[in-house]
Amino acid sequence: MKTLTKTAMMAAIVFVCTYVCKVPIALTGGYTHLGDCAIFLGVLLLGKRQGALAGALGAALADLMGGFLFWVLPTFFIKGLMAYTMGFLAETRLSVRRFGWLVGAIAGGLLQVIGYTLIKIILISPWAGIATIPTVSLQTISGIVIAAVLITILKSSHLLYRIKEL
């Protein structure tokens, strides 16, 4: 029951950071947001499976509520893959390194940029896919940077470990 509650709360945080904290992009009709930061934090707090589920659900719900129905399923799978990749690398391959989560976040973020670009190329047009690479990249990079600041603060105050233990 605890796991379900934590996952639902993290999905809600991802939703709020995606839906409320967004900046519209006139060129594409879409938006950039702070949801990726919440997803990266969620993976560290919940682990790869629950973090990926929370990130995928929260981001997809933001698209649904924002009227971007076309993007609900692609967002669910792309954000889930991004989060799971980060968690997998952070937990298994790079867990002994201090910044293993960061390498995982970068790898997951790269998959997100590739995923959204491919979906746009296939479903909209090659121009749409290529034109939005900078905005998706900027969103990913800003999510990683803000997450790094928050994670550093949470680790130095030992709150990250206390939250994990709840």
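Everything below is about the structure shown above.
What comes next concerns the included structure. All values derive from a computational prediction rather than experimental measurement. (Residues numbered from 1 in each chain as written. Predicted model: local features only at pLDDT ≥ 70, side-chain atom pairs only at ≥ 80, totals over all residues. Heavy atoms only, no water.)

## Regarding unusual backbone geometry
- Non-glycine residue His158 carries a positive phi angle of around 65 degrees.
- With respect to the helices, strands and loops of the structure, His158 is situated in the loop between helix H7 (133–156) and helix H8 (159–165). (Helix = DSSP H or I, 4+ residues; strand = E, 2+ residues; numbered from the N terminus.)

## Some details on H7
- The terminal C-alpha atoms of H7, which comprises 24 residues, lie 34 Å apart, in line with the 34 Å expected from a rise of 1.5 Å per residue.
- Taken residue by residue, H7 has Val136, Gln139, Thr140, Gly143, Ile144, Ala147, Ile151 and Leu154 as its buried positions.
- Positive phi shows up at His158, right after H7, with a value of about 65 degrees. (Expected span 1.5 Å × (residues − 1). Buried < 20%, exposed > 50% of the residue type's maximum accessible area, 1.4 Å probe, protein only.)

## A short note on the pattern of salt bridges
- Following the criterion strictly, the structure yields two salt bridges and no others.
- A salt bridge links Asp36 to Lys79; the shortest N-O distance between them is 2.5 Å. With Asp36 in helix H2 (residues 35–46) and Lys79 in helix H4 (residues 72–93), this pair connects stretches of sequence that are 43 residues apart.
- With relative accessibility at 0%, the residue Asp36 sits in the buried group.
- In this structure, Glu91 engages Lys48 in a salt bridge whose closest nitrogen and oxygen atoms are separated by 3.5 Å. (Salt bridge = Lys/Arg side-chain N within 4 Å of Asp/Glu carboxyl O.)

## Quick word on the packing of aromatic side chains
- The tally for this structure, following the rule as stated, stands at four aromatic pairs.
- Ring geometry for Phe15 against Tyr19: centres 5.2 Å apart, planes inclined by 15 degrees, an arrangement best described as stacked. Separated by four residues within a single helix, Phe15 and Tyr19 lie in helix H1 (residues 2–19), roughly one turn from each other.
- Summarising the aromatic geometry, the rings of Trp71 and Tyr116 are spaced 6.0 Å apart at their centres and angled 55 degrees between planes, so their arrangement reads as tilted. (Phe/Tyr/Trp six-rings, centres within 6.5 Å; stacked < 30°, edge-to-face > 60°.)

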